[in-house]
Amino acid sequence: QVQLVESGGGLVQAGGSLRLSCVASGRLFSINLMGWYRQAPGKQRELVAVISSGGSTNYADSVKGRFTISRDDAKNTVYLQMNSLKPEDTAVYYCNNRRVAIPQYDYWGQGTQVTVSS
């Protein structure tokens, strides 16, 4: 079993910054995708950013140039540096660890609230 534990959420004013962290524990394989998704009230969960084990990244258009995803495999941790935050970034942010090769898995964290005030 794998557990993902997020931290770093909170309340910040527009224009501010936050750094989210997600630590994975349990049986993991090195080739995987680690990412962040978010879900605002009344909306579907959406991709924010993902990073492959090779370091390739993909971002939602709405966060490009403001958010940076990174990973530290030695610590089984993925980070999301969020700068120039906007009220529309307010959401619950979820960490995801996914592997598409066999053995396949798809794990989610419990989520951390990010609230950006105007």
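Structure first, text after, so check above.
All figures in this text were calculated on a predicted structure; none of them were measured in a lab.

A word on the pattern of salt bridges
If you walk through the whole model with that rule in mind, you get six salt bridges. A salt bridge links D73 to R71; the shortest N-O distance between them is 2.8 Å. Between D106 and R98 there is a salt bridge, and its shortest N-O distance comes to 3.4 Å. By relative accessible area, which is 40% here, D106 ends up partly exposed. One salt-bridge network, in which partners are shared between bridges, spans R38, E46, R66 and D89.

Observations regarding the side chain of E6
Within the secondary structure, E6 is located in strand β1 (residues 2-7). Buried within the structure, E6 lacks any salt-bridge partner; R45 is the closest side chain of opposite charge, at an N-O distance of 7.7 Å. Within polar-contact distance, the side chain of E6 engages the backbone nitrogen of Q110 at 3.1 Å. Engagement of the side chain of E6 in a polar contact is seen with the backbone nitrogen of G111, the distance being 2.9 Å. Beyond its immediate chain neighbours, meaning those up to four positions away, E6 contacts S21, C22, W36, Y93, Y94, C95, G109, Q110, G111 and T112.

Observations regarding the nonpolar core
Counting residues in hydrophobic clusters, the biggest one holds 27 residues, and the most contacted among them are W36, L80, M82 and Y93. Those elements giving two or more residues to this core turn out to be β1, β3 (18-26), β4 (33-39), β5 (46-52), β7 (67-72), β8 (77-82), β9 (91-99) and β11 (112-117). The leading source of residues in this core is β3, at four residues.

What about the side chain of R71?
Considering the arrangement of structural elements, one finds R71 in strand β7. With a relative accessible area of 16%, R71 lands in the buried category. Within the local environment of R71, its side chain forms a polar contact with the backbone oxygen of S52, the two atoms lying 3.2 Å apart. Only 2.8 Å separates the side chain of R71 from the side chain of D73, close enough to count as a polar contact. Residues in contact with R71, not counting those within four places in the same chain, are S30, N32, M34, I51, S52, S53, T77 and V78.

Calculation criteria
- Residues numbered from 1 in each chain as written.
- Predicted model: local features only at pLDDT ≥ 70, side-chain atom pairs only at ≥ 80, totals over all residues.
- Heavy atoms only, no water.
- Salt bridge = Lys/Arg side-chain N within 4 Å of Asp/Glu carboxyl O.
- Buried < 20%, exposed > 50% of the residue type's maximum accessible area, 1.4 Å probe, protein only.
- Helix = DSSP H or I, 4+ residues; strand = E, 2+ residues; numbered from the N terminus.
- Lys, Arg positive; Asp, Glu negative; His and termini not counted.
- Polar contact = N/O pair within 3.5 Å; in protein donor to acceptor, adjacent residues only side chain to side chain.
- Contact = heavy atoms within 4.5 Å.
- Core = buried A, V, L, I, M, F, W, Y, C linked by side-chain atoms within 4.5 Å.

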